[in-house]
Amino acid sequence: VMQKSYRLNGLDCANCAAKLENKIKKVDGVKDAAINFFSSKMTLCFDDEDAVTAEQEVLKTVKKTEPDVKVEAL
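Residues numbered from 1 in each chain as written. Predicted model: local features only at pLDDT ≥ 70, side-chain atom pairs only at ≥ 80, totals over all residues. Heavy atoms only, no water.

> Even after reading the chapter, I still don't get the sheet that holds strand β1 (residues 2-9), so can you show me in this structure?
Taking strand neighbours across the sheet as the criterion, the four strands line up as β2-β3-β1-β4 in an open arrangement whose pairing is antiparallel. A strand with exactly one partner marks an edge of an open sheet, and here the two such strands are β2 (30-36) and β4 (70-73). Across the sheet, the mean angle from the axis of one strand to that of its neighbour is 25 degrees, orientation sign disregarded. Pairing geometry for β2 and strand β3 (residues 41-46), over six bridges, is antiparallel. Bridge pairing in β3 links Ala 33 to Leu 44. Against the sheet, helix α1 (residues 14-25) makes contact with β1, β2 and β3, and its axis sits at roughly 170 degrees relative to β2, the strand it touches most. Where helix α2 (residues 51-65) meets the sheet, its contacts fall on β1, β2, β3 and β4, and the angle it forms with β3 comes to roughly 145 degrees. (Pairing = 2+ DSSP bridges. Helix = DSSP H or I, 4+ residues; strand = E, 2+ residues; numbered from the N terminus. Axes fitted to C-alpha atoms, helices over the stretch in contact; angles between N-to-C directions. Contact = heavy atoms within 4.5 Å.)

Spelled out as structure tokens, the structure:
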């Protein structure tokens, strides 16, 4: 299992963070997802073999759900 962290720039609503977290948890290859609204940090756990594909799907999901949020790897 691989873990990666990201900064979510422009995330300005706790409800939006919860909605986004729930959608990301449903992406194939994502084992777990956590978004801390106060630190604007997202932590994801992937299966190693699915990591690249899952990460791309997560980025698409963020863009579709919250178009103003910019994802930045930490």
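> Looking at this structure, how should I read the environment of Leu 8?
Take Leu 8: it is sitting in strand β1. Of the residues examined, Leu 8 reaches a relative accessible area of 0% and is grouped as buried. What Leu 8 contacts, discounting residues up to four positions off in sequence, is Leu 20, Ile 35, Ser 40, Met 42, Val 69, Lys 70 and Val 71. (Buried < 20%, exposed > 50% of the residue type's maximum accessible area, 1.4 Å probe, protein only.)

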